[in-house]
Amino acid sequence: MALLPIDLRPEAWVTVLLPAVGFVAIFASYLARRDTGRGGWWTDGAAVFGVGTIAASTVLSFLIFLQVWVDLGPYVSERPWVWMQLGGVTLGTGLHIDGLSSLLMFIVSFLSTGIAVYSTAYMHHEGALHRYYFEIMLFITGMMGMVVVDNYLFAFMFWEIMGLCSYLLIGYWYEKPSAASAAKKAFLVTRVGDVFFLFAIILLYNAFHTLSYHELFEHIVAGMEAGTLAPEEVAAVKWAGLFIFGAAVGKSAQFPLHVWLPDAMEGPTTVSALIHAATMVKAGVYITARTLPILALFPDTLGLIAIVGAFTAFLAATIAVVVYDIKRVLAYSTISQLAYMFVGLGTLGLGAAIFHLMNHAFFKALLFLGSGSVIHGTGTQDMRRMGGLRTKMRVTYLTFLAGSLSLAGIPAISGWWSKDEILTTAARFAPGGEWSGPFGLLHMPYEVLGTTVLALGLVTAGITGFYTFRMVFMTFWGKPRYDEEKVHVHESPAPMRNVLVVLSVFALFSGLFVVAASVIEPNTFEHHVVDELLEHEVTVIPAPSDYQAYLANPVLWASTFVALSGVLLAYMTYARGIISAEAVAGLPRPGMGSAALAGNRAARGLHAFFTAKWGMDWLFLKVAAAGDAGLAAFLDFIDRRVVDGATYGMGRGAFAGSMLLQRAADGIVRNYATWVVGGLVLLLVTLKFVVAPVLGGG
Amino acid sequence: MIPLDWYLYAAALLLVIGLFAVTRRQNVILILIGIELMLNAANLNLIAFSYYRGDPGGLVLAAASIAVAAAELAVGLAIAIIVFKNYKTIDTTELNALHG
């Protein structure tokens with residue numbers, strides 16, 4: 001029995017069109033009355049219209065999601081919409097609506113609606129609201145578009161739209177130098193990944209003359225199985241896969257291109273929520289998940305993805321422990337959690353990775369919006385100037401706690417299910433043989449690689465529990481550390497609170513919901529998310545319905561144990577004060593002798609190392625500065641000596657020549673006539689004695 | 001009967017004399033006369049070829065050429081008169097406002 005009287009899947013493009021219409025309308029109204037300051041019916045109207053279009057898009061996305069998952073299954077449109085035809089090359093796009101893309105459509109539009117509603121209250125005191133709204137509308141259009149299209153070229157276009165919007169929105173307060181610099185950093189660093197994406201597109205089109213996902217994947221997977229692909233085609237696929245991962249590394253902020261994401265905190269908190277939960281960073285995970293059928297053909301690539309993910313997870317988590325800016329803690333936790341998703345993808349746990357993507361989207365949107373509420377209430381982002389907020393901001397505290405439980409991996413809360421699934425797939429990743437790393441520099445058996453990834457993942461799970469609750473306790477527990485005379489902490493207005501409450505329901509129960517569904521029908525989530533080309537490849541964790549097998553998994557126990565230990569450690573340190581964080585980090589405290597301080601040099605060095613973000617920013621600046629200076633000197637030489645030399649030389653030559661010829665123009669007409677006759681004679685002589693003999697004429 | 005060559009030599013001689021007048025003389029009137037000589041050298045060739053080939057086309061062309069030459073000369077002399085009125089000279093070495 002059909003769920004709905006009509007098949008909505010071919011109309012999925014409307015979900016992209018709706019936010020696009022919102023963008024165009026708000027942009028037009030921005031142009032019409034550029035000087036709209038804060039508030040007023042004109043601005044409110046734009047906000048309401050924007051929220052309305054995304055909400056409509058959410059409803060449609062949800063219906064399509066239901067049709068794909070419950071009713072009709074995946075849909076790939078037959079006739080693509082043609083963009084341009086150049087000779088024999090037809091560029092266009094169709095729709096690729098399967099379990100993965102319909103799930104993302106729903107998550108993206110749903111969270112965007114929540115964030116937009118929240119913005120109406122959070123951004124109310126800002127100027128330039130039209131600019132804010134049309135930029136987030138375009139951002140959402142970009143993400144929705146990237147998810148529904150069926151080929152790499154259009155995905156790349158929407159991907160670039162997102163790159164532009166992230167730049168614009170991070171630099172929303174562009175008159176602030178740090179915001180302008182963060183916007184440029186985000187744009188340039190993700191641009192490195194974008195270039196890789198373009199390489200992949202060129203390689204794939206060159207080899208196979210199509211960019212459509214299903215055509216490419218079917219052709220390549222069948223060709224690899226039958227061994228009919230030429231060696232250069234196999235190389236093209238391998239490199240394209242690596243380049244796509246490179247693109248994802250840039251967009252999803254993985255090591256070594258993770259440096260832009262923490263700085264992206266310079267934008268409004270709602271923008272951070274949009275970038276971290278719904279759009280942008282999820283695009284990298286999506287494109288990698290989408291490409292997994294061809295990535296899975298090369299275990300070396302998978303190993304690289306897994307090890308990069310595991311290392312990034314660890315690196316980001318260690319930095320999250322030492323930062324004091326509440327948004328930066330969340331930013332590093334995003335990097336860390338995205339890295340878990342890449343671990344899942346790299347060890348072929350596609351279902352687990354997407355499960356984590358979904359859970360992370362909900363709880364990270366909640367946490368960011370919660371931190372926005374805290375910032376709204378206290379006027380600061382520094383956790384050292386918060387504390388004791390749980391009585392004054394009750395709703396914010398409880399919802400933030402819900403998100404933190406999920407992030408920290410407390411049993412039965414959504415993040416716990418998916419994180420454990422990812423770690424379990426990592427433990428079971430064993431393609432056999434030996435992994436050979438980038439350019440053959442690293443070699444290790446896959447068992448060692450899997451163990452390394454698992455160990456890093458487990459350690460990170462413990463650190464995650466610690467930094468999450470460090471954040472909760474520093475912000476909401478203890479005594480107020482702000483100036484109570486000056487700062488009047490207040491709970492946020494109703495639209496913000498309502499969004500937080502709705503999101504906290506999803507953050508708490510999205511995992512349970514999926515688990516409940518798999519109790520009814522085993523592994524239904526994996527079944528829907530995983531492309532049929534991959535079904536025999538991916539690792540599927542047994543459904544919790546078979547609870548004995550599920551509970552017999554040692555990874556589950558280990559990760560739960562370390563996460564809870566991390567939470568307990570944070571409780572003892574930041575809630576009870578039994579352990580002094582300064583003592584552990586070897587930092588100076590009042591009433592402490594210099595001898596004791598000197599003894600803690602190693603700990604202090606480690607703390608400084610983490611605080612300096614592992615020196616990545618420093619390294620980038622050094623490499624970029626040195627490389628840049630050399631390149632600039634070289635280009636300067638080319639520009640000033642070679643290019644300018646050529647153009648100036650031509651000018652000087654022409655000038656000197658004309659100075660000579662000028663003498664001939666003496667103003668005496670009969671001399672001109674002489675030149676004419678002389679030229680004619682010369683022409684005739686040339687024709688007769690030079691041209692004619694050569695051509696063989698008379 | 002006079003051979004065709006003679007006419008051609010005569011025409012070439014006329015052309016060179018005309019050319020000399022155009023390129024070497026300073027007086028505008030003499031330059032115009034030189035142009036006339038060159039034109040008539042061409043006319044002489046046309047008529048000579050027309051006669052030797054028995055083709056009246058050359059005669060027609062020469063007649064048209066003479067008419068055009070008359071008109072051209074009228075314009076040239078008129079310009080010479082205007083130039084004299086303005087500059088009190090028709091010496092081309094003095095009329096050198098075009099010099100670079």
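If you're wondering where the values come from, they're calculated on a predicted model, not measured in any experiment.

A.B. asks: Help me out: how do you make sense of the overall build of chain B in this one?
C.D. replies: Each helix and strand in chain B was counted, giving three helices and zero strands. Helices (α) and strands (β) of chain B occur, in sequence order from the N terminus, as α-α-α. Since a compact globule built from 100 residues should have a radius of gyration of about 13 Å, the 17 Å found for chain B marks it as more spread out than a globular shape. Projected onto the principal axes, the alpha-carbon positions of chain B cover approximately 50 × 25 × 25 Å. Within chain B, the proportion of its 100 residues that are buried is 17%. Counted over contacts in chain B with a minimum sequence separation of 6, partners at least 24 positions apart contribute 45%.

A.B. asks: Even after reading the chapter, I still don't get the overall build of chain A, so can you show me in this structure?
C.D. replies: A count of helices and strands for chain A gives 26 helices and six strands. Seen along its three principal axes, the alpha-carbon backbone of chain A occupies a region of about 110 × 65 × 60 Å. Within chain A, the fraction of its 698 residues that count as buried is 49%. For chain A, contacts bridging at least 24 residues in sequence account for 81% of all contacts bridging at least 6.

A.B. asks: What is the right way to look at the pairing of strand E2 (residues 81-86) of chain A in this model?
C.D. replies: Each regular strand shows side chains that alternate between the opposite faces of the sheet. Residues and elements named next belong to chain A. With zero of its six residues buried, E2 lies for the most part at the surface. Inspection of the sheet shows E2 paired to strand E3 (residues 89-93) by five bridges, in the antiparallel sense. Bridged to Gln85 within E3 is Thr90. Between E2 and the antiparallel strand that follows it, E3, lie two residues; Gly87 among them carries a positive phi value of about 60°.

A.B. asks: When you look at the environment of Thr318 of chain A in this model, what are you seeing that I'm missing?
C.D. replies: Positionally, Thr318 of chain A belongs in helix H12 (residues 299-322). Taking the C-alpha atoms as reference points, Thr318 of chain A and Tyr174 of chain A, separated by 144 residues in sequence, lie 30 Å from one another.

A.B. asks: Just checking my understanding: could you explain the interface of chain A and chain B for this structure?
C.D. replies: How large an interface is tends to be reported as the accessible area lost when its parts come together. The interface is formed by ten residues belonging to chain A together with twelve residues belonging to chain B. The leading source of residues in the side of chain A that touches chain B is helix H26 (residues 669-695) of chain A, at five residues.

A.B. asks: Help me out: how do you make sense of helix H25 (residues 616-662) of chain A in this one?
C.D. replies: Each turn of an α-helix holds 3.6 residues, which means side chains three or four residues apart point in the same direction. Residues and elements named next belong to chain A. Here H25 contains 47 residues, and its C-alpha end-to-end distance of 64 Å stays within 8% of the 69 Å for a straight helix at 1.5 Å per residue. The largest bend in H25 is about 40°, located at Gly645. Counting buried positions along H25 gives zero out of 47 residues, so the element sits mostly on the surface.

A.B. asks: Just to check I follow, could you spell out the environment of Ser57 of chain A for this structure?
C.D. replies: On the secondary structure map, Ser57 of chain A appears in helix H2 (residues 40-71). Sequence spacing of Ser57 of chain A and Ala320 of chain A is 263 residues, and the spatial spacing of their C-alpha atoms is 35 Å.

A.B. asks: Hey, could you run me through the domain arrangement of chain A in this one?
C.D. replies: Split into domains, chain A comes out as domain 1 (1-150) and domain 2 (667-698). Each of domain 1 of chain A and domain 2 of chain A has a C-alpha centre, and the two are 73 Å apart.

A.B. asks: Got a minute to help me understand the confidence of the model for chain B in this structure?
C.D. replies: Any segment with low pLDDT has predicted coordinates that should not be analysed in fine detail. Predicted confidence across chain B gives a mean pLDDT of 90, with 99% of residues reaching 70 or more. Both scores are given for the predicted complex: the pTM is 0.76, the ipTM 0.80.

A.B. asks: How do you make sense of the environment of Ala654 of chain A when you look at a structure like this?
C.D. replies: Residue and element names in this part refer to chain A. Along the chain, the position of Ala654 falls in helix H25. Using a count of 10 C-beta atoms within 10 Å as the deciding quantity, one classes Ala654 as exposed. A sequence separation of 474 residues divides Ala654 from Ala180, and the C-alpha atoms of the two residues are 46 Å apart.

A.B. asks: How should the confidence of the model for chain A be read in this particular structure?
C.D. replies: The predicted model of chain A averages 83 in pLDDT, with 93% of residues at 70 or higher. The secondary-structure element of chain A with the lowest mean pLDDT is helix H23 (residues 594-599) of chain A, recorded at 53, while helix H5 (residues 152-170) of chain A shows the highest, at 90.

A.B. asks: Honestly, unusual backbone geometry in this entry has me stumped. Any pointers?
C.D. replies: Residues and elements named next belong to chain A. Cis geometry marks the peptide bond from Phe255 to Pro256, where omega comes out at 0°. By the element assignment, Pro256 lies in the loop between helix H8 (231-251) and helix H9 (260-263). With a phi angle near 50°, Met280 is a residue other than glycine that sits in the positive phi range. Mapped onto the fold, Met280 is located in the loop between helix H10 (269-278) and helix H11 (281-295). You will see that Leu348, though not glycine, has its phi angle at about 65°, which is positive.

A.B. asks: I tried to follow the packing of helix H14 (residues 350-378) of chain A against helix H16 (residues 414-428) of chain A on my own but got confused; where do I start?
C.D. replies: Relative placement of two packed helices is described by the angle separating their axes and the distance separating the axes. Residues and elements named next belong to chain A. At their nearest, the axes of H14 and H16 sit 9 Å apart, and the two run at 150° to each other. What the angle tells us is that H14 and H16 run roughly antiparallel. Crossing of H14 against H16: the hand is left-handed. Across the interface between the two elements, Ala352, Ala353, Phe355, His356, Asn359, Phe362 and Phe363 from H14 touch Ser414, Gly415, Ser418, Lys419, Glu421, Ile422 and Thr425 from H16. Residue composition of the contact of H14 with H16, by class: six nonpolar, six polar and two charged.

A.B. asks: Honestly, the packing of H2 of chain A against helix H3 (residues 99-122) of chain A in this entry has me stumped. Any pointers?
C.D. replies: All names here are of chain A. Contact geometry for H2 and H3: axes closest at 8 Å, N-to-C directions at 155°. Considering their axes alone, H2 and H3 lie roughly antiparallel with respect to each other. H2 and H3 meet at a crossing whose hand is left-handed.

Criteria and thresholds
- Sequence positions are assigned chain by chain, starting from 1 and proceeding in written order.
- Each chain is given a letter, starting from A, and each ligand a number, starting from 1, according to the order in which they appear as written.
- A pLDDT threshold of at least 70 governs which residues receive local features in this predicted model, and a stricter bar of 80 or more applies before side-chain atom pairs are shown or counted, although totals over entire chains, interfaces and linings include all residues.
- Helix and strand definitions follow DSSP, with helices as H or I runs of at least four residues and strands as E runs of at least two, each counted in order from the N terminus.
- Here the globule rule is a power law, 2.2 Å times the number of residues to the power 0.38, and the radius of gyration is based on C-alpha atoms.
- Exposure in this text rests on C-beta crowding, where 20 or more other C-beta atoms within 10 Å of a residue's own make it buried, 12 or fewer make it exposed, and counts in between make it partly exposed. The C-beta atoms are placed from the backbone.
- C-beta atoms are placed from the backbone for every residue, and two residues are taken to be in contact when these atoms lie within 7 Å.
- A pair of strands is labelled paired if DSSP reports no fewer than 2 bridges between them.
- Take the number of residues in a helix, subtract one, and multiply by 1.5 Å to get its expected span.
- We define the bend at each residue as the angle formed by axes fitted to the 7 residues ending at it and the 7 residues starting at it.
- Segment limits for the domains were obtained from an automatic or database-derived domain assignment.
- Each residue carries a pLDDT value, the predictor's own confidence for that position, ranging from 0 to 100.
- Simply put, an axis is a line fit to the C-alpha atoms, just over the touching stretch for a helix, and the angle between two N-to-C directions goes from 0 to 180 degrees.
- Note on terminology: angles under 35 degrees are roughly parallel, angles over 145 are roughly antiparallel, angles of 65 to 115 are roughly perpendicular, and the others are oblique.
- Here a crossing is called left-handed whenever its near helix is offset anticlockwise from the far helix by less than a right angle, and right-handed whenever the offset is clockwise.
- Three classes are used: nonpolar for Ala, Val, Leu, Ile, Met, Phe, Trp, Tyr, Cys and Pro, charged for Asp, Glu, Lys and Arg, and polar for all others, with Gly counted as polar.

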